[in-house]
Amino acid sequence: MNNVRKLKIYQLRNLEEIPQLKVLSKEELFNIKVVSNVLPFRTNNYVVEELIDWSKVPDDPIFQLTFMQKDMLSNSQFSRMADAISRNLSTEEIKKVADTIRKELNPHPAGQLTANVPFYDDEPVKGIQHKYKETALVFPTGGQTCHAYCTFCFRWAQFVGMDDLKFATDESKRFQEYIKEHKEITDVLFTGGDPMVMSYAKLKAYLEPLLSPEFDHIKNIRIGTKSLSYWPYRYLTDKDSDDILMLFDKIMSSGKHLAIMAHFSHYIELETEAVKMAIRRLRNVGVKIRTQSPVIRHVNDSAEVWTKMWQEQVNLGLIPYYMFVERNTGAKKYFEIPIAEVFEIYKEAFKNVSGLSRTARGPVMSATPGKVSVEGVAEINNEKVFVLNLLQARNSDWVKTPFFASYDPKATWYTDLIPAFGQDEFFFDEELSDFLSEKEEKFIENYLR
Ligand SMILES: *Cc1c(COP(=O)(O)O)cnc(C)c1O
Ligand code: SF4
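Residues numbered from 1 in each chain as written. Chains lettered and ligands numbered in written order. Predicted model: local features only at pLDDT ≥ 70, side-chain atom pairs only at ≥ 80, totals over all residues. Heavy atoms only, no water.

### Some thoughts on the site of ligand 1
Here comes step 1: Surrounding ligand 1, one finds K131, Y132, T135, L137, R222, Y321, Y322, S366, K371 and Q392.
Here comes step 2: Here K371 contributes a side-chain N or O atom positioned 2.7 Å from an oxygen atom of ligand 1.
Here comes step 3: Here Q392 contributes a side-chain N or O atom positioned 3.0 Å from an oxygen atom of ligand 1.
Here comes step 4: Compared with its free state, where it exposes 390 Å², ligand 1 has 89% of that area covered by protein.
Here comes step 5: Put simply, ligand 1 lies in the largest pocket.
Here comes step 6: Secondary structure elements with two or more residues in the shell around ligand 1: β5 (128–132), β6 (135–138) and β11 (319–325).
Here comes step 7: Of the residues belonging to the shell around ligand 1, the class tally is four nonpolar, three polar and three charged. (Near = heavy atom within 4 Å. Polar contact = N/O pair within 3.5 Å; in protein donor to acceptor, adjacent residues only side chain to side chain. Areas by Shrake-Rupley, 256 points an atom, 1.4 Å probe, with all protein chains shown as cover. 1 Å grid on protein atoms, 1.4 Å probe; cavity = no way out; pocket = protein on both sides within 12 Å on 5 of 7 lines; lining within 4 Å. Sits in = over half its atoms within 2 Å of the grid points. Helix = DSSP H or I, 4+ residues; strand = E, 2+ residues; numbered from the N terminus. Nonpolar A, V, L, I, M, F, W, Y, C, P; charged D, E, K, R; others polar.)

### Quick look at the domain arrangement of the protein
Here comes step 1: If you check the domain split of the protein, you get domain 1 (9–105), domain 2 (119–364) and domain 3 (367–449).
Here comes step 2: Between the C-alpha centres of domain 2 and domain 3 the distance comes to 25 Å.
Here comes step 3: Of the residues lining the interface, 26 residues belong to domain 2; the matching set on domain 3 comes to 31 residues.
Here comes step 4: Both faces considered, domain 2 and domain 3 share a buried interface measuring about 2,300 Å² in area, 62% of it formed by carbon and sulfur atoms.
Here comes step 5: For domain 2, the biggest contributors to the area lost against domain 3 are F119, Y132 and I339; these three give 28% of the whole.
Here comes step 6: Joining domain 2 to domain 3, the criterion identifies zero salt bridges.
Here comes step 7: Linking domain 2 with domain 3 are seven residue pairs in polar contact (both at pLDDT 80 or more).
Here comes step 8: A total of four residues in the side of domain 2 that touches domain 3 trace back to one element, the largest contributor, which is strand β12 (residues 361–366).
Here comes step 9: Across the side of domain 2 that touches domain 3, the residue classes tally to 13 nonpolar, two polar and 11 charged. (Domains from an automatic or database assignment. Contact = heavy atoms within 4.5 Å. Buried area = accessible area lost by both parts, 1.4 Å probe. Salt bridge = Lys/Arg side-chain N within 4 Å of Asp/Glu carboxyl O.)

Right, here's the structure in full:
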(Lines give C-alpha, C1' and ligand atoms only; values in the text may rest on other atoms or scores of the structure.)
(Ligands and ions follow the chains in the order given, each with its own letter.)
Protein backbone atom coordinates (compact mmCIF):
# COMPACT_ATOMS: atom_id res chain seq x y z
CA MET A 1 0.00 0.00 0.00
CA ASN A 2 1.48 3.31 -1.04
CA ASN A 3 -0.50 5.69 1.13
CA VAL A 4 1.39 5.85 4.40
CA ARG A 5 -0.86 7.12 7.16
CA LYS A 6 0.72 8.62 10.20
CA LEU A 7 -1.08 8.12 13.48
CA LYS A 8 -2.37 11.29 15.08
CA ILE A 9 -3.80 10.81 18.53
CA TYR A 10 -6.45 13.10 19.97
CA GLN A 11 -6.97 13.37 23.71
CA LEU A 12 -8.69 15.84 25.99
CA ARG A 13 -5.80 18.30 25.80
CA ASN A 14 -5.81 18.57 21.98
CA LEU A 15 -9.48 17.83 21.43
CA GLU A 16 -10.08 21.12 19.65
CA GLU A 17 -7.57 20.23 16.97
CA ILE A 18 -10.16 17.86 15.50
CA PRO A 19 -11.49 19.93 12.59
CA GLN A 20 -14.70 17.91 12.29
CA LEU A 21 -15.79 18.95 15.79
CA LYS A 22 -16.78 22.30 14.34
CA VAL A 23 -20.15 20.77 13.47
CA LEU A 24 -20.90 20.69 17.20
CA SER A 25 -22.38 23.53 19.20
CA LYS A 26 -20.37 25.17 22.00
CA GLU A 27 -22.50 23.38 24.53
CA GLU A 28 -22.02 19.96 22.91
CA LEU A 29 -18.27 20.48 22.87
CA PHE A 30 -18.30 21.54 26.53
CA ASN A 31 -20.31 18.39 27.40
CA ILE A 32 -17.70 16.18 25.75
CA LYS A 33 -14.99 17.91 27.76
CA VAL A 34 -16.85 17.56 31.03
CA VAL A 35 -17.34 13.80 30.66
CA SER A 36 -13.83 13.29 29.26
CA ASN A 37 -12.47 14.65 32.52
CA VAL A 38 -13.99 11.63 34.25
CA LEU A 39 -13.90 8.80 31.72
CA PRO A 40 -10.86 8.28 29.48
CA PHE A 41 -11.07 9.80 25.99
CA ARG A 42 -8.74 9.03 23.13
CA THR A 43 -9.27 8.80 19.41
CA ASN A 44 -7.23 9.23 16.25
CA ASN A 45 -7.25 10.54 12.68
CA TYR A 46 -8.42 7.22 11.16
CA VAL A 47 -11.48 6.99 13.39
CA VAL A 48 -12.31 10.67 12.88
CA GLU A 49 -11.73 10.74 9.11
CA GLU A 50 -12.73 7.29 7.90
CA LEU A 51 -15.17 5.77 10.40
CA ILE A 52 -17.39 8.56 11.72
CA ASP A 53 -20.04 9.96 9.42
CA TRP A 54 -20.11 13.55 10.68
CA SER A 55 -23.39 14.29 8.92
CA LYS A 56 -25.03 11.81 11.32
CA VAL A 57 -23.48 13.12 14.54
CA PRO A 58 -24.44 12.80 17.42
CA ASP A 59 -26.31 9.58 16.53
CA ASP A 60 -23.52 8.12 14.42
CA PRO A 61 -22.58 4.81 16.11
CA ILE A 62 -18.81 5.31 15.90
CA PHE A 63 -19.18 8.83 17.30
CA GLN A 64 -21.12 7.29 20.20
CA LEU A 65 -18.46 4.60 20.52
CA THR A 66 -15.58 7.05 20.85
CA PHE A 67 -16.83 10.50 21.93
CA MET A 68 -18.21 11.08 25.44
CA GLN A 69 -21.85 12.10 25.76
CA LYS A 70 -23.46 14.15 28.51
CA ASP A 71 -25.79 11.34 29.61
CA MET A 72 -22.91 8.97 30.27
CA LEU A 73 -22.82 10.60 33.71
CA SER A 74 -25.78 11.13 36.04
CA ASN A 75 -27.08 14.70 36.35
CA SER A 76 -25.38 15.11 39.69
CA GLN A 77 -22.06 13.72 38.47
CA PHE A 78 -22.19 15.87 35.36
CA SER A 79 -22.97 19.08 37.18
CA ARG A 80 -20.25 18.50 39.79
CA MET A 81 -17.65 18.24 37.03
CA ALA A 82 -19.16 21.00 34.89
CA ASP A 83 -19.07 23.22 37.93
CA ALA A 84 -15.42 22.39 38.68
CA ILE A 85 -14.44 23.27 35.12
CA SER A 86 -16.51 26.46 34.94
CA ARG A 87 -14.94 27.65 38.18
CA ASN A 88 -11.50 27.11 36.65
CA LEU A 89 -10.33 24.87 39.47
CA SER A 90 -6.74 23.65 39.38
CA THR A 91 -5.85 20.41 37.61
CA GLU A 92 -5.37 18.81 40.99
CA GLU A 93 -8.77 19.85 42.26
CA ILE A 94 -10.45 18.72 39.07
CA LYS A 95 -8.77 15.34 39.47
CA LYS A 96 -10.16 15.10 42.99
CA VAL A 97 -13.68 15.71 41.72
CA ALA A 98 -13.07 13.19 38.93
CA ASP A 99 -11.83 10.51 41.32
CA THR A 100 -14.88 10.92 43.56
CA ILE A 101 -17.18 10.42 40.57
CA ARG A 102 -15.09 7.52 39.25
CA LYS A 103 -15.48 5.68 42.53
CA GLU A 104 -19.25 5.88 42.03
CA LEU A 105 -18.94 4.07 38.69
CA ASN A 106 -17.97 0.59 39.92
CA PRO A 107 -14.39 0.75 38.65
CA HIS A 108 -13.58 -2.87 39.56
CA PRO A 109 -16.34 -5.24 38.45
CA ALA A 110 -16.27 -9.01 39.13
CA GLY A 111 -13.40 -9.08 41.64
CA GLN A 112 -10.70 -9.43 39.00
CA LEU A 113 -8.12 -7.98 41.32
CA THR A 114 -7.92 -11.07 43.48
CA ALA A 115 -9.96 -14.01 42.19
CA ASN A 116 -8.19 -14.58 38.86
CA VAL A 117 -4.59 -13.93 39.81
CA PRO A 118 -2.63 -17.17 40.13
CA PHE A 119 0.12 -18.00 42.63
CA TYR A 120 3.61 -19.29 42.00
CA ASP A 121 5.88 -20.16 44.94
CA ASP A 122 3.18 -18.67 47.20
CA GLU A 123 3.49 -15.29 45.53
CA PRO A 124 0.85 -13.86 43.20
CA VAL A 125 2.06 -13.66 39.59
CA LYS A 126 1.74 -10.18 38.16
CA GLY A 127 0.27 -9.59 34.73
CA ILE A 128 -1.51 -12.88 34.36
CA GLN A 129 -5.02 -14.15 35.00
CA HIS A 130 -5.75 -17.84 35.08
CA LYS A 131 -9.43 -18.44 35.51
CA TYR A 132 -10.12 -21.29 33.09
CA LYS A 133 -7.83 -24.31 33.18
CA GLU A 134 -6.66 -24.30 29.57
CA THR A 135 -6.20 -20.57 28.99
CA ALA A 136 -3.92 -18.01 30.64
CA LEU A 137 -4.46 -14.31 30.00
CA VAL A 138 -1.32 -12.18 29.83
CA PHE A 139 -1.40 -8.38 30.26
CA PRO A 140 1.86 -7.05 28.78
CA THR A 141 2.96 -3.79 30.40
CA GLY A 142 3.40 -2.04 27.05
CA GLY A 143 -0.04 -3.06 25.85
CA GLN A 144 -2.16 -1.47 28.53
CA THR A 145 -3.56 1.28 26.32
CA CYS A 146 -5.45 1.33 22.98
CA HIS A 147 -5.28 3.16 19.65
CA ALA A 148 -8.57 4.78 20.62
CA TYR A 149 -10.81 4.27 23.65
CA CYS A 150 -14.34 2.96 23.60
CA THR A 151 -16.70 5.13 25.62
CA PHE A 152 -18.13 2.01 27.30
CA CYS A 153 -14.73 0.45 28.02
CA PHE A 154 -14.75 -2.09 30.87
CA ARG A 155 -11.04 -1.44 31.56
CA TRP A 156 -11.49 2.33 31.81
CA ALA A 157 -10.30 2.47 35.43
CA GLN A 158 -6.84 1.40 34.29
CA PHE A 159 -6.72 4.14 31.63
CA VAL A 160 -7.42 6.91 34.13
CA GLY A 161 -4.65 5.63 36.39
CA MET A 162 -6.84 4.14 39.13
CA ASP A 163 -5.25 0.73 38.83
CA ASP A 164 -1.64 1.75 38.71
CA LEU A 165 -1.14 -1.05 36.15
CA LYS A 166 -1.67 -3.65 38.88
CA PHE A 167 -2.53 -6.22 36.23
CA ALA A 168 0.50 -5.69 34.04
CA THR A 169 3.49 -8.03 33.75
CA ASP A 170 6.66 -6.98 35.49
CA GLU A 171 10.25 -7.34 34.39
CA SER A 172 10.81 -10.55 36.28
CA LYS A 173 9.08 -12.69 33.63
CA ARG A 174 7.60 -14.81 36.40
CA PHE A 175 4.50 -15.15 34.26
CA GLN A 176 6.61 -17.14 31.81
CA GLU A 177 7.80 -19.45 34.59
CA TYR A 178 4.22 -19.93 35.66
CA ILE A 179 3.07 -20.85 32.16
CA LYS A 180 6.08 -23.13 31.69
CA GLU A 181 5.17 -25.12 34.81
CA HIS A 182 1.46 -25.36 34.12
CA LYS A 183 1.20 -28.01 31.46
CA GLU A 184 -2.59 -27.91 31.50
CA ILE A 185 -2.42 -24.52 29.75
CA THR A 186 -2.84 -24.87 25.97
CA ASP A 187 -3.77 -21.27 25.15
CA VAL A 188 -2.05 -18.01 25.98
CA LEU A 189 -4.18 -14.95 25.32
CA PHE A 190 -2.40 -11.60 25.24
CA THR A 191 -4.79 -8.85 26.17
CA GLY A 192 -4.99 -5.33 27.60
CA GLY A 193 -5.74 -2.63 26.66
CA ASP A 194 -4.48 -3.66 23.31
CA PRO A 195 -1.21 -5.62 22.87
CA MET A 196 -1.02 -4.39 19.27
CA VAL A 197 -0.10 -0.89 20.44
CA MET A 198 3.28 -2.41 21.33
CA SER A 199 6.22 -2.04 19.00
CA TYR A 200 7.47 -5.04 17.05
CA ALA A 201 10.43 -5.37 19.41
CA LYS A 202 8.22 -5.55 22.49
CA LEU A 203 5.70 -7.85 20.89
CA LYS A 204 8.47 -10.18 19.83
CA ALA A 205 9.84 -10.31 23.38
CA TYR A 206 6.48 -11.66 24.51
CA LEU A 207 5.66 -13.97 21.61
CA GLU A 208 8.94 -15.52 20.54
CA PRO A 209 9.86 -17.25 23.82
CA LEU A 210 6.67 -19.28 23.48
CA LEU A 211 8.19 -21.03 20.46
CA SER A 212 10.88 -22.71 22.54
CA PRO A 213 10.49 -26.39 23.57
CA GLU A 214 9.56 -25.64 27.22
CA PHE A 215 6.35 -24.22 25.83
CA ASP A 216 5.40 -27.19 23.67
CA HIS A 217 2.16 -27.47 25.63
CA ILE A 218 1.08 -24.05 24.34
CA LYS A 219 -0.76 -24.83 21.12
CA ASN A 220 -2.68 -21.62 20.57
CA ILE A 221 -1.53 -18.04 20.90
CA ARG A 222 -4.26 -15.46 20.85
CA ILE A 223 -4.06 -11.69 20.72
CA GLY A 224 -7.10 -9.72 21.83
CA THR A 225 -7.11 -6.45 19.89
CA LYS A 226 -9.20 -3.64 18.51
CA SER A 227 -6.43 -2.49 16.18
CA LEU A 228 -8.24 -3.69 13.04
CA SER A 229 -11.08 -1.34 13.92
CA TYR A 230 -9.16 1.62 15.29
CA TRP A 231 -5.85 1.47 13.42
CA PRO A 232 -5.67 -1.09 10.56
CA TYR A 233 -2.50 0.66 9.38
CA ARG A 234 -0.80 -1.33 12.16
CA TYR A 235 -0.64 -4.11 9.55
CA LEU A 236 -0.08 -1.90 6.51
CA THR A 237 2.15 1.12 6.69
CA ASP A 238 3.47 1.53 10.23
CA LYS A 239 7.27 1.41 10.38
CA ASP A 240 7.24 -2.13 11.73
CA SER A 241 4.14 -3.50 9.96
CA ASP A 242 6.15 -5.90 7.79
CA ASP A 243 8.17 -7.14 10.77
CA ILE A 244 4.98 -7.92 12.62
CA LEU A 245 3.60 -9.87 9.69
CA MET A 246 6.89 -11.79 9.51
CA LEU A 247 6.72 -12.57 13.22
CA PHE A 248 3.18 -13.89 12.79
CA ASP A 249 4.32 -15.94 9.83
CA LYS A 250 7.10 -17.43 11.94
CA ILE A 251 4.65 -18.40 14.69
CA MET A 252 2.28 -20.03 12.20
CA SER A 253 5.18 -21.86 10.54
CA SER A 254 6.33 -23.20 13.91
CA GLY A 255 3.10 -25.20 14.00
CA LYS A 256 1.24 -23.14 16.57
CA HIS A 257 -2.13 -21.59 15.92
CA LEU A 258 -2.19 -17.81 16.01
CA ALA A 259 -5.54 -16.16 16.46
CA ILE A 260 -6.44 -12.51 16.45
CA MET A 261 -9.45 -12.05 18.72
CA ALA A 262 -10.72 -8.95 16.99
CA HIS A 263 -13.07 -6.56 18.67
CA PHE A 264 -15.56 -5.21 16.09
CA SER A 265 -18.51 -3.17 17.34
CA HIS A 266 -20.19 -2.33 14.05
CA TYR A 267 -20.09 -3.29 10.36
CA ILE A 268 -18.91 0.26 9.58
CA GLU A 269 -15.54 -0.81 10.98
CA LEU A 270 -15.33 -3.50 8.28
CA GLU A 271 -15.99 -1.23 5.32
CA THR A 272 -12.82 0.78 4.76
CA GLU A 273 -10.20 -0.15 2.19
CA ALA A 274 -7.60 -0.13 4.98
CA VAL A 275 -9.30 -2.70 7.18
CA LYS A 276 -9.99 -4.99 4.24
CA MET A 277 -6.37 -4.86 3.19
CA ALA A 278 -5.14 -5.44 6.75
CA ILE A 279 -7.39 -8.51 7.04
CA ARG A 280 -6.08 -9.82 3.73
CA ARG A 281 -2.46 -9.44 4.86
CA LEU A 282 -3.10 -11.24 8.14
CA ARG A 283 -4.97 -14.04 6.42
CA ASN A 284 -2.19 -14.41 3.88
CA VAL A 285 0.22 -15.51 6.61
CA GLY A 286 -2.40 -17.91 7.98
CA VAL A 287 -3.56 -15.96 11.02
CA LYS A 288 -7.13 -16.83 12.01
CA ILE A 289 -9.29 -13.86 12.94
CA ARG A 290 -12.14 -14.44 15.36
CA THR A 291 -14.49 -11.63 16.33
CA GLN A 292 -16.25 -10.49 19.46
CA SER A 293 -18.09 -7.49 20.89
CA PRO A 294 -20.62 -6.57 23.52
CA VAL A 295 -24.06 -5.27 22.56
CA ILE A 296 -24.05 -1.56 23.35
CA ARG A 297 -27.00 0.85 23.44
CA HIS A 298 -26.55 3.69 20.88
CA VAL A 299 -23.86 1.69 19.04
CA ASN A 300 -25.02 -1.75 17.91
CA ASP A 301 -28.32 -2.48 19.68
CA SER A 302 -30.22 -3.96 16.76
CA ALA A 303 -30.45 -7.32 15.05
CA GLU A 304 -29.88 -5.62 11.68
CA VAL A 305 -26.47 -4.36 12.73
CA TRP A 306 -25.44 -7.78 14.03
CA THR A 307 -26.81 -9.62 10.99
CA LYS A 308 -24.93 -7.38 8.62
CA MET A 309 -21.80 -7.43 10.78
CA TRP A 310 -21.65 -11.24 10.98
CA GLN A 311 -22.36 -11.64 7.26
CA GLU A 312 -19.68 -9.14 6.37
CA GLN A 313 -17.22 -10.86 8.71
CA VAL A 314 -17.81 -14.26 7.13
CA ASN A 315 -17.50 -12.65 3.72
CA LEU A 316 -14.06 -11.33 4.69
CA GLY A 317 -13.01 -14.70 6.09
CA LEU A 318 -13.43 -13.86 9.78
CA ILE A 319 -15.04 -16.19 12.30
CA PRO A 320 -17.77 -14.74 14.56
CA TYR A 321 -16.95 -15.92 18.10
CA TYR A 322 -18.69 -14.16 21.02
CA MET A 323 -21.56 -11.71 21.51
CA PHE A 324 -21.23 -10.24 25.01
CA VAL A 325 -23.56 -8.48 27.40
CA GLU A 326 -22.13 -5.09 28.41
CA ARG A 327 -20.39 -5.23 31.81
CA ASN A 328 -21.56 -3.45 34.94
CA THR A 329 -19.03 -0.65 35.10
CA GLY A 330 -18.40 2.93 33.92
CA ALA A 331 -21.19 4.53 31.91
CA LYS A 332 -23.21 1.33 32.27
CA LYS A 333 -26.53 3.20 32.67
CA TYR A 334 -26.10 4.86 29.27
CA PHE A 335 -25.13 1.72 27.40
CA GLU A 336 -26.95 -1.06 29.17
CA ILE A 337 -29.62 -3.22 27.58
CA PRO A 338 -31.75 -5.74 29.49
CA ILE A 339 -30.51 -9.31 29.11
CA ALA A 340 -33.91 -10.26 27.67
CA GLU A 341 -33.51 -7.69 24.90
CA VAL A 342 -29.92 -8.68 24.14
CA PHE A 343 -31.13 -12.24 23.80
CA GLU A 344 -33.81 -11.12 21.30
CA ILE A 345 -31.14 -9.30 19.26
CA TYR A 346 -28.97 -12.42 19.26
CA LYS A 347 -31.85 -14.70 18.30
CA GLU A 348 -33.10 -12.45 15.52
CA ALA A 349 -29.63 -12.01 14.03
CA PHE A 350 -28.89 -15.75 14.40
CA LYS A 351 -32.12 -16.51 12.57
CA ASN A 352 -31.11 -14.27 9.66
CA VAL A 353 -27.68 -15.73 8.91
CA SER A 354 -26.37 -19.01 7.54
CA GLY A 355 -24.57 -21.57 9.64
CA LEU A 356 -21.21 -19.99 8.85
CA SER A 357 -22.17 -17.02 11.05
CA ARG A 358 -23.83 -19.11 13.73
CA THR A 359 -20.43 -19.76 15.28
CA ALA A 360 -21.05 -16.62 17.37
CA ARG A 361 -21.93 -17.78 20.86
CA GLY A 362 -24.01 -15.70 23.16
CA PRO A 363 -25.22 -13.59 24.56
CA VAL A 364 -22.52 -14.14 27.16
CA MET A 365 -21.84 -12.50 30.52
CA SER A 366 -18.28 -12.81 31.72
CA ALA A 367 -19.17 -13.12 35.41
CA THR A 368 -17.63 -14.48 38.61
CA PRO A 369 -18.51 -18.19 38.08
CA GLY A 370 -17.54 -18.09 34.39
CA LYS A 371 -18.92 -17.24 30.99
CA VAL A 372 -22.67 -17.42 31.46
CA SER A 373 -24.56 -17.87 28.21
CA VAL A 374 -28.26 -17.10 27.85
CA GLU A 375 -29.60 -20.08 25.94
CA GLY A 376 -33.22 -19.01 25.84
CA VAL A 377 -36.41 -18.10 27.61
CA ALA A 378 -38.75 -20.92 28.59
CA GLU A 379 -41.81 -21.63 30.65
CA ILE A 380 -41.35 -24.53 33.05
CA ASN A 381 -44.01 -25.49 35.62
CA ASN A 382 -45.83 -22.21 34.89
CA GLU A 383 -42.73 -20.16 35.70
CA LYS A 384 -41.06 -18.02 33.06
CA VAL A 385 -37.30 -18.55 33.24
CA PHE A 386 -34.00 -17.75 31.59
CA VAL A 387 -32.24 -20.94 30.56
CA LEU A 388 -28.55 -20.41 31.30
CA ASN A 389 -25.39 -22.39 30.67
CA LEU A 390 -21.72 -21.94 31.49
CA LEU A 391 -19.49 -21.96 28.39
CA GLN A 392 -16.45 -21.55 30.61
CA ALA A 393 -16.30 -22.08 34.35
CA ARG A 394 -13.85 -21.84 37.22
CA ASN A 395 -14.50 -25.53 37.67
CA SER A 396 -14.75 -27.09 34.24
CA ASP A 397 -17.20 -29.70 35.59
CA TRP A 398 -19.82 -26.94 35.71
CA VAL A 399 -19.95 -26.35 31.95
CA LYS A 400 -22.86 -27.47 29.78
CA THR A 401 -25.16 -27.98 32.75
CA PRO A 402 -28.33 -25.96 32.14
CA PHE A 403 -29.50 -23.85 35.08
CA PHE A 404 -32.41 -21.50 35.50
CA ALA A 405 -33.05 -17.97 36.69
CA SER A 406 -36.42 -16.28 37.14
CA TYR A 407 -37.28 -14.29 34.04
CA ASP A 408 -36.77 -10.62 34.77
CA PRO A 409 -37.29 -8.21 31.85
CA LYS A 410 -35.31 -5.50 33.65
CA ALA A 411 -32.23 -7.51 34.62
CA THR A 412 -29.12 -6.19 32.88
CA TRP A 413 -26.38 -8.30 34.46
CA TYR A 414 -25.79 -11.71 35.97
CA THR A 415 -25.87 -10.31 39.51
CA ASP A 416 -29.49 -9.14 38.93
CA LEU A 417 -30.61 -12.72 38.34
CA ILE A 418 -32.16 -14.90 41.03
CA PRO A 419 -32.48 -18.68 40.89
CA ALA A 420 -35.80 -19.96 39.55
CA PHE A 421 -38.23 -22.42 41.19
CA GLY A 422 -37.78 -20.85 44.63
CA GLN A 423 -34.25 -22.19 45.03
CA ASP A 424 -31.73 -20.35 47.22
CA GLU A 425 -28.79 -20.60 44.90
CA PHE A 426 -27.43 -21.90 41.63
CA PHE A 427 -25.89 -25.38 41.66
CA PHE A 428 -22.30 -24.08 41.71
CA ASP A 429 -22.74 -21.26 44.24
CA GLU A 430 -21.56 -23.08 47.35
CA GLU A 431 -18.39 -24.36 45.72
CA LEU A 432 -17.81 -20.94 44.20
CA SER A 433 -18.05 -19.07 47.47
CA ASP A 434 -15.68 -21.57 49.12
CA PHE A 435 -13.22 -21.03 46.31
CA LEU A 436 -13.48 -17.25 46.54
CA SER A 437 -12.97 -17.03 50.28
CA GLU A 438 -10.01 -19.41 50.11
CA LYS A 439 -8.45 -17.37 47.34
CA GLU A 440 -9.05 -14.12 49.17
CA GLU A 441 -7.41 -15.47 52.29
CA LYS A 442 -4.40 -16.67 50.37
CA PHE A 443 -4.15 -13.32 48.65
CA ILE A 444 -4.31 -11.35 51.88
CA GLU A 445 -1.87 -13.68 53.59
CA ASN A 446 0.75 -13.54 50.87
CA TYR A 447 0.34 -10.19 49.27
CA LEU A 448 -1.18 -7.64 51.54
CA ARG A 449 0.58 -8.60 54.76
C1 LIG B 1 -13.16 -15.48 27.85
C2 LIG B 1 -12.02 -15.78 28.68
C3 LIG B 1 -11.07 -16.73 28.27
C4 LIG B 1 -11.14 -17.45 26.95
O5 LIG B 1 -12.26 -18.31 26.87
P6 LIG B 1 -12.54 -19.11 25.54
O7 LIG B 1 -13.92 -19.65 25.69
O8 LIG B 1 -11.50 -20.17 25.43
O9 LIG B 1 -12.45 -18.13 24.42
C10 LIG B 1 -10.02 -17.00 29.13
N11 LIG B 1 -9.91 -16.39 30.33
C12 LIG B 1 -10.81 -15.49 30.76
C13 LIG B 1 -10.65 -14.86 32.10
C14 LIG B 1 -11.90 -15.14 29.94
O15 LIG B 1 -12.77 -14.24 30.37
S1 SF4 C 1 -10.55 -1.73 22.75
FE2 SF4 C 1 -11.17 -2.83 24.62
S3 SF4 C 1 -9.71 -2.20 26.20
FE4 SF4 C 1 -9.55 -0.74 24.46
S5 SF4 C 1 -10.93 0.92 24.98
FE6 SF4 C 1 -12.13 -0.51 23.76
S7 SF4 C 1 -13.12 -1.88 25.24
FE8 SF4 C 1 -11.47 -0.79 26.31
